[in-house]
Amino acid sequence: MKYADWPLAAPVNITWEITRRCNLKCIHCLSASSVATPGELTLKECRGIVDQLAALKVFEINFGGGEPLLKDFFLPLLCYIHEKGIVACISTNGTALTDEAVNFFSGNPLVNVQVSLDGATPEVNDAIRGEGTFRNIISGIGILSGKNIPLSINTVVTSLNYHQLDRLKELAAGYGARLRVSRFRPSGRARESWETLKLDPARLQSLSAWLSSDPSILTGDSFFSISQDGRRQLGLDTCGAARMTACIDPTGDVYPCAFMQSAEFCGGSLREKSLKDIWDKAPAFARFRRLEPSSCRSCPRFEKCRGGCPAVAYFLTRDLNSPDPECLMSWNAETTRAGNRY
Amino acid sequence: MPLRLAADVRVRRESWGLLFYRQAPHKLCFVKSGDWLQPAHFDGTWTLETIIDDVSRRTGAPPEIIARVLPRLTGRLIKNRIIADEIR
């Protein structure tokens, strides 16, 4: 049995989308963020959730959004989280940094900061994240650099920036940071930009080889179905939704994964139930734990990936239990079958 | 020598044993120890010998069997920098 199948009493980490408010309007934003959602959690409610996470011994909180630094009580909340000894990984667009935030992050053993940048040049980045953002993001990275803050630069790999990955890695190294790459998924605003920005099979193959050849590149997509053979050292290689992780949205609703924030996948509200109750009993979570695309059963890699990313499968096929449409094994099999036919 | 968690490691109890988390590489370590080990065993007050006594008392397992298995496990955890057997 894989480690990911060992039942856990609570998530290992939580993705917490603390606000939908954002000063950018990236065309691939997974949560289509721009303005705050009505009824976002208060500081008092957030502290109550942190108390639950601490009691359950959740190890990490990955903050995103929206732009977490635009949440008015974000730093006081971080203080409270750190009093509980929980690690916070903060995903920011780097354009809303304040001196207070940088001072708070600097030398803090419980903070990791990840700045999103989607191109090594203004032309490429700004086409995705908005006019003038490259300059502002680089300025933010410069402010964070050299301050004893574990820093990474995160790039969502798309057809626009694919050819700049080596340059992005160099750019990150120049600021003492590591490059992290994330998979482009068709959720949020990315549903509209999917056809334009998705990688074609040949590029996904090359990306897989590139990732496999360079272990210094980080990826939050440890269940990245396109690269897991070469990247076992990353640890998890299957989907961790509802097994290892869960997502809290700005109003306290809990989902198996940040990419699956629609009503049918909601496990419940933290305003009504405890996280433990949702984790143990929510039908949406039980459903995720049972996912096992039958058409993948005969694949030699099935035990490694269990069908890949359900979010990509769902958004492209409307079937949560279908195989990941970007699985390279499927393409290889189809290519072989096509070759045999002709 | 007392055993204690390494500085950047946290641990929690699971139904199948202990789940360790190393902060710097964000890595997990699954230890299928059943009822034998408790997170408190690594708070710096327990030695291998006192843990063996405790496991035997709580589970009824013969101390000689525990003494044969446990040092290998703790040895691996020390090697992987999950726990330390140094005096701070």
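Only a predicted model underlies this, so the values are computations on that prediction, with no experimental measurement involved.

Trainee: Could you give an account of the overall build of chain B, naming the residues involved and the relevant values?
Mentor: Along chain B, the regular secondary structure elements total two helices and six strands. Walking chain B from its N terminus toward its C terminus, one meets helices and strands in the order β-β-β-β-β-α-α-β. Whereas a compact globule of 88 residues would reach a radius of gyration of roughly 12 Å, chain B reaches 12 Å, a difference of no more than 12%. Along the three orthogonal principal directions, the C-alpha set of chain B runs to about 40 × 30 × 20 Å. Among the 88 residues that make up chain B, the fraction classed as buried is 20%. Here the contacts in chain B between residues at least 6 apart in sequence split such that 43% fall between residues at least 24 apart.

Trainee: Break down the interface of chain A and chain B for me, with residues and values.
Mentor: Accessible area lost on assembly of the parts is the figure often given for the size of an interface. Between chain A and chain B, the contact holds ten residues from the first and ten residues from the second. Partitioning the side of chain A that touches chain B into residue classes produces eight nonpolar, one polar and one charged.

Trainee: I'd love a proper account of helix α6 (residues 165-174) of chain A, names of residues and values included.
Mentor: Residues and elements named next belong to chain A. Every buried residue belonging to α6 is among Leu-165, Leu-168, Lys-169, Leu-171 and Ala-172, and all of these are buried. Taken down its axis, α6 places every buried residue within 160 degrees of arc, on the same side. Turned more than 90 degrees from where α6 packs its buried face, Asp-166, Glu-170 and Gly-174 sit exposed. Each element contacted by the buried residues of α6 is listed here: β5 (151-157), β6 (178-183) and α8 (201-213). Once α6 finishes, Gly-176 follows within two positions and takes phi at roughly 70 degrees, a positive value.

Trainee: Would you mind going over the sheet that holds strand β3 (residues 87-92) of chain A in detail, with residue names and values included?
Mentor: Residue and element names in this part refer to chain A. As summarised here, the arrangement of the ten strands in space is β7-β6-β5-β4-β3-β2-β1-β8-β9-β10, forming an open sheet in which the pairing is mixed. Edge positions in the sheet fall to β7 (218-219) and β10 (268-269), since each has one partner strand and no second. Bridge count for β5 against β6 is six bridges, and the pairing is parallel. Bridged to Thr-155 within β6 is Val-181. Packing against the sheet, helix α5 (residues 133-144) makes contact with β4 (111-116) and β5, and its axis sits at approximately 160 degrees to β4. Sitting on the sheet, α6 touches β5 and β6, and the angle it makes with β6 is about 140 degrees.

Here is what the cut-offs are and how they apply
Residues numbered from 1 in each chain as written. Chains lettered and ligands numbered in written order. Predicted model: local features only at pLDDT ≥ 70, side-chain atom pairs only at ≥ 80, totals over all residues. Helix = DSSP H or I, 4+ residues; strand = E, 2+ residues; numbered from the N terminus. Rg over C-alpha atoms; globule rule 2.2 N^0.38 Å. Buried ≥ 20, exposed ≤ 12 C-beta atoms within 10 Å, placed from the backbone. Contact = placed C-beta atoms within 7 Å. Nonpolar A, V, L, I, M, F, W, Y, C, P; charged D, E, K, R; others polar. Arc of directions from axis to C-beta. Pairing = 2+ DSSP bridges. Axes fitted to C-alpha atoms, helices over the stretch in contact; angles between N-to-C directions.

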